[in-house]
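The residues making up each chain are set out below.
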Amino acid sequence: MLWSDGAVWGVGPGVLSLCLWSRHPRPGDTQLLRATTEAMERRRRDYRVERQLLDQEQLEELGRWGPAPRTRWWRTSLQCSRARARALLLQHLPVVAWLPRYPVREWLLGDLLSGLSVAIMQLPQGLAYALLAGLPPVYGLYSSFYPVFIYFLFGTSRHISVGTFAVMSVMVGSVTEALVPDEAVNATVNVTARDADRVLVASSLSVLVGLFQVGLGLVHFGFVVTYLSEPLVRGYTTAAAVQVFVSQLKYVFGLQLNSFSGPLSLIYTLLDVCWKLRQSVVGAVVTAAVAGLVLVAVKLLNDKLRRHLPLPIPGELLTLIGATAISYGVGLQHRFGVDVVGSIPAGLVPPVAPSPQLFASLVGHAFAIAVVGFAIAISLGKIFALKHGYRVDSNQELVALGLSNLVGGVFQCFPVSCSMSRSLVQESAGGNTQVAGAVSSLFILIIILKLGELFQDLPKAVLAAIIIVNLKGMLLQFRDICSLWRANRVDLLIWLVTFVATILLNLDLGLAVAVAFSLLLVVVRTQRPHYSVLGQIPDTDVYRDVAEYAEAREVPGVKVFRSSATVYFANADLYSDALKQRCGVDVDHLISRKKKLLRKQELKLKRLRKKTQKQAQKQASASTGTSVPIDVNTSDGAIKSRDEDGPKAQVSTEHELAEPAASGQEGAQAPDGCTLKSLGLAPPAFHSLVLDLGALSFVDTVCIKSLKNIFRDFREIEVEVYMAGCQAPVVTQLEAGHFFDASVTKQHLFASVHDAVLFALQHPRSGPVSPVLVTKL
């Protein structure tokens, strides 16, 4: 196209056009130019391909098909060399790979500021989440130090903040309170013994969680998290947030509640809170309300001034310091009965071996916590990796989290994962690597060694307020109900079932029910795929559903059928039924009527044979009685004349007997050459059926038998069957299952639907079914 002042020259195939207009073209001219340009652009995008029809045999010959070489991973994994040892070291100890290349000038300042910001959040959250786990607050500080430093050495994500997390803490709390309930000891005398027993349970649980995660990571079982879909995880964390909220009500109202565990424990706890609401401590309620309002105000201020502040205002730390100071100065515990944190020992605790006797009662909870913790960590890690352009190794992440929990359990920590809020702060504050995590863990170490004693007068109601305010993000996930209702109602069903099951059955059983329901729903959805009859888009080799595309037209004489899911044992019968229904022919009824008519013909032939045999026997006996008279007075000449006539009579008799026998044999063979039309049955309106198998990802023995039955049934009603679009692995599986034989060869399998349709049009099926190609019922 040539442009000039006030004119456009358009050059098309064999056409030269000129369009003139003034400097201010009219709207009609502009529309005409646009339509012409779009038409020319479409012509440029047109393509034409001329090739022969390709069935599977021709395709394999043309493409020189051969089995793909198998890679034996165990050979490389068992090799011993310096390069292999170095690769294993870098794979399982990533800090050795990235720390020597750490750009100090560019990243160190950002990591220091980010680590300090995370530590400011880690301190109050560690104290609060330990309370959520049913443990003394100082163990939340331990869990904010050891696991974070271990993840710094072994983790592959540069931005997630490992440590205490509300969902993990409430799962641990449900275990500790179930195994060591408050009623098991005298609350006024043996609180120390109760706390010691709960710490032992939590640390043993952490060791078991770590063993699960390390073991699964070493056997490359990181893909297990793929069975936790996003709606499932969001529904589960929302239910866990409700569990956390209800568990903190006793600290907000200052109540002494009974311990409940197992199914419906949340309902019982909520009813107990309502029943004892009159016993609330006013001081605790006021303290929690004031602390909550301050935290919400600071968070709103941070959101409003985000662009102007280099670092967010540490509202939680300021609330913690202010509440501790007010509690110490006013004497909230003695004057108003507000429960406080109590003694926080300074220094680190020595390592303690876990209790193997508890493993049997903890194994189910440990596996659930291991999977949930890894799912949360890897989902956040992949989000940040995609944003910043690096790769997260899911198996190594599983090992890193496992080692963090394993080592942490030895030092009396409870199971941890990554925190969503702290991870966002670590990334937004300029963090680039896990150096930020190491900085935050060192800051927590200083607090454990020197500053922990200063928070002895901190009210527990303030920690409860910190926990509840931090649940805002998870509780806002209730908005998923509206969005999923509009987007995908099956995912909404998964979300709702997960939420209700977790609320009613507690966190461990709720997760099991959610995963089982999600997998069952996958099976159900593959059992009910979308079946469609395809038609050709005019002047193309594209075939689409005739119910969805108005211009798609069925090819006369050819039916094209497609399923949107693979065919396997769970839906093979449904596939066959849908095929026969969509074809518009009652195949089973037609075959049944054909068999009945053939049986009637066979009975007629049998009667004809019997009748013919009786007539032959009568004629034989009659001829025998007339041609062999006994005459003692007969002369030799007469005997000779009778002997001469005897062979003639015998030959004629045998000829007469042969004619009806031959006619009987012809009648007996007639059914093999009968057509539906000759039997008085209306044949189908199509002569060929094409199965579009492009959606098949695998086949099993049930699928192979189902396909063979389809070939057999449709050939019985004089319809030839072809297949199209099979992937190479599927063809290999069909060969391994002995699908191809003399009746069904690779010449019935085509490279595309269009190839199969053209072949069917060139070779329409006519006449009776060949006995070689039919498998008799």
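Basis of the calculations
- Residues numbered from 1 in each chain as written.
- Predicted model: local features only at pLDDT ≥ 70, side-chain atom pairs only at ≥ 80, totals over all residues.
- Heavy atoms only, no water.
- Helix = DSSP H or I, 4+ residues; strand = E, 2+ residues; numbered from the N terminus.
- Buried < 20%, exposed > 50% of the residue type's maximum accessible area, 1.4 Å probe, protein only.
- Contact = heavy atoms within 4.5 Å.
- Patch = residues over 30% accessible without salt bridge, like charges linked within 9 Å, V, L, I, M, F, W, Y side chains within 5 Å.
- Areas by Shrake-Rupley, 256 points an atom, 1.4 Å probe, with all protein chains shown as cover.
- Salt bridge = Lys/Arg side-chain N within 4 Å of Asp/Glu carboxyl O.
- Lys, Arg positive; Asp, Glu negative; His and termini not counted.
- Charge placed at Lys NZ, Arg CZ, Asp CG, Glu CD.
- Core = buried A, V, L, I, M, F, W, Y, C linked by side-chain atoms within 4.5 Å.
- Axes fitted to C-alpha atoms, helices over the stretch in contact; angles between N-to-C directions.
- Parallel < 35°, antiparallel > 145°, perpendicular 65-115°, else oblique.
- Left-handed = near helix turned anticlockwise from the far one by under 90°.
- Nonpolar A, V, L, I, M, F, W, Y, C, P; charged D, E, K, R; others polar.
- Pairing = 2+ DSSP bridges.
- Right-handed = clockwise from strand over helix to strand, strands pointing away.

Chemist: How should the overall build of the protein chain be read in this particular structure?
Modeler: Secondary structure assignment for the protein chain yields 30 helices and eleven strands. For the protein chain, the proportion of its 777 residues judged to be buried stands at 44%. Of all intrachain contacts in the protein chain linking residues separated by at least 6 positions in sequence, the fraction that spans at least 24 positions is 81%.

Chemist: How should a nonpolar patch on the surface be read in this particular structure?
Modeler: The grouping of Leu264, Ile267, Tyr268, Leu271, Val500 and Leu504 at the surface amounts to a nonpolar patch, some 480 Å² of accessible area in total. Listing elements by their share of the nonpolar patch, those giving two or more residues are α13 (265-275) and α24 (489-527). The element that contributes the greatest number of residues to the nonpolar patch is α13, accounting for three residues. Within the element layout of this structure, Leu504 appears in helix α24. Residue classification places Leu504 among the partly exposed residues on the basis of a relative accessible area of 33%.

Chemist: Got a minute to help me understand a positive patch on the surface in this structure?
Modeler: On the surface, a cluster of positive charge is contributed by Arg593, Lys596, Arg599, Lys600, Lys604, Lys606, Arg607, Arg609, Lys610, Lys614 and Lys618. Take Lys618: it is sitting in helix α26 (residues 587-627).

Chemist: Looking at this structure, I do not really get the nonpolar core. What am I missing?
Modeler: Nonpolar side chains tend toward joint burial in soluble globular proteins. Ranked by internal contacts, the top residues of the largest apolar core, which has 103 residues, are Leu123, Val167, Met171, Leu205, Leu320, Leu458 and Leu463. Here this core gets 15 residues from one element, more than from any other, and that element is helix α17 (residues 359-388). With sequence-adjacent residues up to four places away left out, Leu123 is seen in contact with Leu141, Leu317, Leu320, Ile444, Ile447 and Phe455. Grouped together as the second largest cluster of nonpolar side chains are 41 residues, Val585, Leu693, Ile704 and Ile717 included.

Chemist: Where do I start with the side chain of Ser157 in this structure?
Modeler: Relative to the assigned elements, Ser157 resides in the loop between α8 (146-154) and β4 (161-163). If we skip the residues at most four places from it in the chain, Ser157 touches Tyr151, Gly381, Tyr390, Val392, Glu397 and Gln434.

Chemist: Help me understand the packing of helix α15 (residues 315-330) against helix α21 (residues 460-470), please; the structure alone is not making it clear to me.
Modeler: Packed helices, taken two at a time, are described by the angle their axes make and the gap between the axes. Where α15 meets α21, the closest approach of the two axes is 10 Å, and the angle between their N-to-C directions is 165°. The orientation of α15 with respect to α21, classified from their angle, is roughly antiparallel. Along this stretch, α15 crosses α21, giving a crossing that reads as right-handed. On α21, the residues touching Glu316, Thr319, Leu320 and Ala323 of α15 are Val462, Leu463, Ile466 and Asn470. When the residues that make up the contact of α15 with α21 are grouped by side-chain class, the tally is five nonpolar, two polar and one charged.

Chemist: Help me understand the sheet that holds strand β11 (residues 749-750) in this model?
Modeler: Across a sheet, strands are paired by hydrogen bonds formed along the backbone, either parallel or antiparallel in direction. Strand order across the open sheet formed by six strands is β7-β6-β8-β9-β10-β11, with mixed pairing between neighbours. Edge positions in the sheet fall to β7 (543-545) and β11, since each of these pairs with one other strand and no more. With two bridges connecting them, strand β10 (residues 720-724) and β11 associate as parallel partners. From the neighbouring strand, Met723 faces β11, where its bridge partner is Leu749.

Chemist: How should the pairing of strand β9 (residues 688-692) be read in this particular structure?
Modeler: Most of β9 sits out of view: five of its five residues are buried. Direction of pairing for strand β8 (residues 558-563) relative to β9: parallel, over a ladder of five bridges. Bridged to Val560 within β9 is Val690. Handedness of the β-α-β unit built from β9, helix α28 (residues 701-716) and β10 comes out right-handed.

Chemist: I'm lost on unusual backbone geometry in this one. Help?
Modeler: A negative phi angle is the norm for most residues apart from glycine, just as the trans form is the norm for most peptide bonds. Notably, Arg64 is not glycine yet its phi reads approximately 55°, a positive angle. By secondary structure assignment, the location of Arg64 is in the loop between α2 (56-63) and α3 (73-77). Notably, Leu264 is not glycine yet its phi reads approximately 65°, a positive angle. Within the secondary structure layout, Leu264 lies in the loop between α12 (249-253) and α13.

Chemist: Which parts of the structure should I look at to understand helix α30 (residues 753-762)?
Modeler: Note: α-helices contain 3.6 residues per turn, so residues at a spacing of three or four share the same orientation. Of all the residues in α30, the buried ones are Val753, His754, Asp755, Ala756, Val757 and Ala760. Here the buried face of α30 lies against β6 (531-536), β7, β8, β9, β10 and β11.

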